[in-house]
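Structural description and commentary
If you want the building blocks of each chain, they are given just below.
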Amino acid sequence: MPPPRLFRIPEAEGVINRMGFNNAGHDAAFERLKGLRVPAALGVNIGANKDSTDFVADYVLGVQRFADLADYLTVNVSSPNTPGLRNLQADEALRRLLGEVLSARAKARTRVPVLLKIAPDLDLAGMDAVARVILDTDLDGLIVSNTTISRDPVSGMENASETGGLSGKPLFALSTQRLAQVRQRVGSLPIVGVGGVHSPQTALAKFEAGADAIQFYSALVFGGLDLLDRVKRGLVAAVRAQGKRNISELVGTKVDDWAEGRL
Ligand SMILES: Cc1cc2nc3c(=O)[nH]c(=O)nc-3n(C[C@H](O)[C@H](O)[C@H](O)COP(=O)(O)O)c2cc1C
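What you see is a predicted model; the values in this text were computed from it and never measured. (Residues numbered from 1 in each chain as written. Predicted model: local features only at pLDDT ≥ 70, side-chain atom pairs only at ≥ 80, totals over all residues. Heavy atoms only, no water.)

Here we come to the site of the ligand. Taken together, 18 residues lie near the ligand, and Asn45, Lys117, Gly168, Gly196 and Ser218 sit nearest. The separation between an oxygen atom of the ligand and a polar side-chain atom of Lys117 is 2.9 Å. Here an oxygen atom of the ligand sits 2.6 Å away from a polar atom, N or O, in the side chain of Ser218. When the ligand sits alone it has 610 Å² of accessible area, and the protein chains cover 84% of it. Split into classes, the residues belonging to the shell around the ligand amount to 6 nonpolar, 11 polar and 1 charged. (Near = heavy atom within 4 Å. Polar contact = N/O pair within 3.5 Å; in protein donor to acceptor, adjacent residues only side chain to side chain. Areas by Shrake-Rupley, 256 points an atom, 1.4 Å probe, with all protein chains shown as cover. Nonpolar A, V, L, I, M, F, W, Y, C, P; charged D, E, K, R; others polar.)

As structure tokens, then:
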């Protein structure tokens, strides 16, 4: 994609990106990550080349390259910036993709956890289909969600009509509702909640909507790296205030409210 590929929507603290997996390839990423010490978990997100004739083969190469290096792999079938990629979320295509990815994982030396990252633009039937497929596999979890192609929360604002995926604050409500709706469909399968977390309150809401862990990205543009500490301190305070010992005791306490749009 030619630049510019990244746009801020300052009014809403949103971001639109159409990066399109611009990177130097598996080998270059491997060299950079090899030997790197990370204080927590190193996740590697794998995808497919835009001009690939066989998307599934690209994911398999990603598993083979990173299985022994990453703490977990994310199978990203939800970027809106690689045409056709999101079709891999559909029934048969997803079944085939996960079949090949998980059999490549089974052949690697390490049993690296594999998570599937989905779009917030799936409707209820789309989520039903994903759940049906993944519950038949030994996938380790889901990441909900990637960016959205919808523009409802930012319509009319500066940069809102740029092509790409919308993230940050304006993604929070949709991605959190989707998270809860997915939680309703997958029992206790681990889910990472992502999308629009920008404060201790929104971080807490992800857990209440059914997330076992959270990630945030766009909010760092507006809130700086200090946000990480603020979120962690806020979560500790919320756990104490509710007389709990651990955030896991708050996981899923508001799934139905979030799923049905009452929050
Ligand atoms: C500039 C940019 C690049 C991104 N690239 C990827 C990517 O390569 N793979 C992926 O799975 N998600 C990618 N994402 C999506 C984020 O990981 C995340 O799912 C999304 O931004 C929602 O979270 P947030 O609102 O906290 O940013 C990207 C997001 C942004 C803003």
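If you walk across this open sheet you meet the 6 strands as β3-β4-β5-β6-β8-β9, and the pairing is parallel. The open sheet terminates on both sides in strands that have one partner only, identified here as β3 (43-46) and β9 (213-215). Within this sheet the neighbouring strands show an average axis-to-axis angle of 25°, counted without direction. In this sheet, strand β4 (residues 72-76) lies alongside β3 in parallel orientation, the contact comprising 4 bridges. When the sheet's bridge partners are listed, Val44 is paired in β4 with Leu73. (Pairing = 2+ DSSP bridges. Helix = DSSP H or I, 4+ residues; strand = E, 2+ residues; numbered from the N terminus. Axes fitted to C-alpha atoms, helices over the stretch in contact; angles between N-to-C directions.)

In this section: the packing of helix α2 (residues 55-66) against helix α3 (residues 91-107). Orientation of α2 relative to α3, taken along the N-to-C sense of each, is 25°, at an axis distance of 9 Å. When the axis of α2 is compared with that of α3, the two are roughly parallel. At the point where α2 passes α3, the crossing takes the right-handed sense. Here Val56, Tyr59, Val60 and Val63 of α2 lie close against α3, whose contacting residues are Arg96, Leu97, Glu100, Val101, Ala104 and Arg105. (Parallel < 35°, antiparallel > 145°, perpendicular 65-115°, else oblique. Left-handed = near helix turned anticlockwise from the far one by under 90°. Contact = heavy atoms within 4.5 Å.)

Here the structure, examined in full by the defined rule, presents 22 salt bridges. Linking Arg105 and Asp140 is a salt bridge whose minimum nitrogen-to-oxygen distance equals 3.0 Å. With Arg105 in helix α3 and Asp140 in the loop between α4 (124-134) and β6 (141-144), the pair connects residues that are 35 residues apart, well separated along the chain. By relative accessible area, Arg105 is classed as buried at 2%. Where Asp138 meets Arg111, a salt bridge forms, and the shortest distance between an N and an O atom there is 3.8 Å. Of this pair, Asp138 sits in the loop between α4 and β6 while Arg111 sits in the loop between α3 and β5 (114-118), and the two are 27 residues apart along the sequence. The partly exposed category is assigned to Asp138, whose relative accessible area is 45%. Here Arg111 falls in the partly exposed class, since its relative accessible area comes to 47%. Several salt bridges converge on common partners, so that one network encompasses Asp91, Glu92, Arg95, Arg132 and Asp136. (Salt bridge = Lys/Arg side-chain N within 4 Å of Asp/Glu carboxyl O. Buried < 20%, exposed > 50% of the residue type's maximum accessible area, 1.4 Å probe, protein only.)

Between its first and last C-alpha, α2 extends 17 Å over 12 residues, near the 16 Å set by a 1.5 Å rise per residue. Of the residues making up α2, those classed as buried are Phe55, Val56, Asp58, Tyr59, Val60, Gly62, Val63 and Phe66. In this structure, the buried side of α2 is in contact with α1 (26-33), β3, β4 and α3. N-capping of α2 is provided by Asp54, with a side-chain oxygen placed 3.2 Å from the backbone N of Val56. (Expected span 1.5 Å × (residues − 1).)

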